[in-house]
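Structure assessment
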Amino acid sequence: MSLRELQERIEHIKRESQEALQRCRSVKDCEGVRVTFLGRRGKVTTLFEYLKDLSGEERPQAGRLLNELKSHIEAQLEARAYQLKAQELEEQLQKERLDVTLPGRAYRLGTLHVITQTLREIYRIFQQMGFEVYQTREVETDEMNFQLLNIPPDHPAREMQSTFYTTTPGVILRTHTSPGQIRVMRERCPEPIRVILPGKCYRYEQITPRSEIQFTQVEGLAVGRGVRMSDLKGVLTEFARQMFGPETAVKLRGSYFPFTEPSVELDIRCILCEGRGCRVCKGTGWLEILGAGMVHPTVLQNGGYDPEEFTGFAFGMGPERIAMLKHRIEDIRLFLGNDLRFLEQFG
Ligand code: FA5
């Protein structure tokens with residue numbers, strides 16, 4: 001082959017390779033073009049074999065032209081492959097399109113149970129008045145739950161709190177949080193005390209819209225020198241106003257508990273009818289929210305305090321009844337009924 005013929009072949013291959021690259025639809029196709037032209041048996045590679053047919057003067061020029069052709073095709077290949085790769089990526093992105101403006105899936109968070117919320121509100125109010133939260137046990141002894149609170153075995157007051165017994169004699173589920181009074185007094189004596197004792201209580205009772213067999217109570221106890229009934233009244237009035245609103249009217253009504261003397265119950269003016277009388281307050285205009293009184297001297301003594309020197313007040317309330325009044329819930333059984341339609345209202 002003459003130099004001239006070689007030059008023509010080079011021009012031809014250049015065009016041919018260019019056209020082949022234009023036909024490429026993928027990076028893989030480009031690889032095919034590379035093999036056709038630059039592979040070991042490729043069209044450019046085989047052209048180098050003709051160099052030996054040329055004269056000594058022509059050979060360097062022909063060699064240069066062939067090398068240029070090789071570089072040219074390599075560069076074209078690279079450019080086309082790059083272009084196709086970008087195109088493939090673009091197509092892939094289009095196909096797997098992700099719309100980041102779509103709203104995310106809502107993550108369903110649970111909420112605190114309405115009784116937990118009520119308890120926390122009660123803690124907040126009493127903590128502001130200097131009361132500390134003191135937790136005691138739910139499984140109690142008959143002695144703590146009754147006897148040390150001035151309720152001996154044959155006392156008629158036991159009838160008011162029907163008891164769940166365990167198989168262990170003398171061990172019961174507490175019927176109220178008051179046994180915590182004895183426990184905290186025995187632990188703190190002779191220090192002054194200002195605590196609230198929250199927790200679950202159990203009574204073997206008929207379940208009704210107002211009574212459950214498991215419910216919550218929050219007990220309060222203050223012991224010190226010179227603690228008076230007026231202190232109790234002040235604390236409870238403040239509590240009622242914070243819980244039910246600043247305009248809430250309260251009334252202490254004489255009552256009876258074996259572990260307090262005198263004993264009272266706290267009524268608030270009916271928050272539904274504002275005292276005019278309705279179904280909830282049974283026409284009286286008042287709602288009972290807790291029991292309270294001055295700690296009985298015998299109970300103080302059982303706690304280790306000398307009743308000649310110390311006095312105290314105590315109160316006990318039911319957060320379920322408070323939540324029922326606040327949120328106008330008509331049936332206590334809803335609290336433990338696990339009906340989400342009810343529970344979700346207190347989010
Ligand atoms: C007592 O349990 C006294 N220990 C309260 C007390 C403490 C008085 C300290 C004086 C000094 P009572 O049985 O009334 O009292 O219960 C107190 C509150 O617990 C009630 O007002 C009510 O809100 C709640 N309660 C009682 N029994 C049930 C029940 N079965 N279901 C739901 N709540 C109840």
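It should be noted that the structure appears before, not after, this text.
To start, this report covers the structure provided alongside it.

**What to know about the overall build of the chain**
For the chain, the helix and strand inventory stands at 11 helices and nine strands. In terms of overall dimensions, the chain is more spread out than a globule: its C-alpha atoms have a radius of gyration of 45 Å, far above the 20 Å expected for 347 residues. Across the 347 residues that make up the chain, the buried fraction comes to 42%. In the chain, the proportion of contacts linking residues at least 24 apart, taken out of those at least 6 apart, comes to 68%. Here the chain has roughly 20,200 Å² of accessible surface; of this, 50% comes from carbon and sulfur atoms. Computing the positive centroid from 48 side-chain charges and the negative centroid from 48, the chain places the two 4 Å apart.

**Points about the site of the ligand**
As a structural note, the neighbourhood of the ligand is formed by 24 residues, with His176, Ser178, Arg203, Glu205 and Glu212 the closest of them. Within the side chain of glutamine 217, a nitrogen or oxygen atom sits 3.0 Å from an oxygen atom of the ligand. Backbone polar atom of glycine 318 to an oxygen atom of the ligand: 3.4 Å apart, as the coordinates give it. Considered on its own, the ligand offers 680 Å² of accessible surface; in the complex 94% of this is hidden by protein. Those elements that place two or more of their residues in the shell around the ligand are strand 5 (214-224), strand 8 (286-295) and strand 9 (311-317). Among the residues forming the shell around the ligand, the class breakdown is seven nonpolar, 10 polar and seven charged.

**What to know about the environment of alanine 240**
Mapped onto the elements of the fold, alanine 240 is located in helix 8 (residues 229-244). On the basis of relative accessible area, alanine 240 is assigned to the buried category, the value being 0%. Separated by 109 residues in the primary sequence, alanine 240 and phenylalanine 131 have C-alpha atoms spaced 16 Å apart. The residues touching alanine 240, leaving out its near neighbours within four places in the chain, are Gly245, Thr248, Val250 and Ile268.

**Some points on the nonpolar core**
Grouped together as the largest cluster of nonpolar side chains are 44 residues, with contacts concentrated most on Phe126, Phe239, Phe313, Phe315, Met317 and Phe335. Where this core is concerned, the elements lending two or more residues are helix 5 (114-128), strand 5, helix 8, strand 7 (260-269), strand 8, strand 9, helix 10 (319-327) and helix 11 (340-343). Apart from residues lying up to four places away in sequence, phenylalanine 126 is in contact with Phe131, Ile196, Val235, Phe239, Phe315 and Met317. Listed in part, the 24 residues of the second largest apolar core include Leu148, Met185, Ile193 and Phe310.

**Focus: the packing of helix 1 (residues 3-23) against helix 4 (residues 58-95)**
Describing two packed helices takes the angle between their axes plus the distance from one axis to the other. Across the interface, helix 1 lies against helix 4 with an axial gap of 10 Å and an inter-helix angle of 5°. Overall, the two elements helix 1 and helix 4 adopt an arrangement that is roughly parallel. Facing helix 1, whose interface residues are Leu3, Leu6, Gln7, Ile10, Ile13, Lys14, Ser17, Gln18, Leu21 and Gln22, helix 4 presents Glu58, Gln61, Ala62, Leu65, Leu66, Leu69, His72, Ile73, Gln76, Leu77 and Arg80. Among the residues making up the contact of helix 1 with helix 4, the classes are represented as 11 nonpolar, seven polar and three charged.

Analysis parameters
Residues numbered from 1 in each chain as written. Predicted model: local features only at pLDDT ≥ 70, side-chain atom pairs only at ≥ 80, totals over all residues. Heavy atoms only, no water. Helix = DSSP H or I, 4+ residues; strand = E, 2+ residues; numbered from the N terminus. Rg over C-alpha atoms; globule rule 2.2 N^0.38 Å. Buried < 20%, exposed > 50% of the residue type's maximum accessible area, 1.4 Å probe, protein only. Contact = heavy atoms within 4.5 Å. Areas by Shrake-Rupley, 256 points an atom, 1.4 Å probe, with all protein chains shown as cover. Lys, Arg positive; Asp, Glu negative; His and termini not counted. Charge placed at Lys NZ, Arg CZ, Asp CG, Glu CD. Near = heavy atom within 4 Å. Polar contact = N/O pair within 3.5 Å; in protein donor to acceptor, adjacent residues only side chain to side chain. Nonpolar A, V, L, I, M, F, W, Y, C, P; charged D, E, K, R; others polar. Core = buried A, V, L, I, M, F, W, Y, C linked by side-chain atoms within 4.5 Å. Axes fitted to C-alpha atoms, helices over the stretch in contact; angles between N-to-C directions. Parallel < 35°, antiparallel > 145°, perpendicular 65-115°, else oblique.

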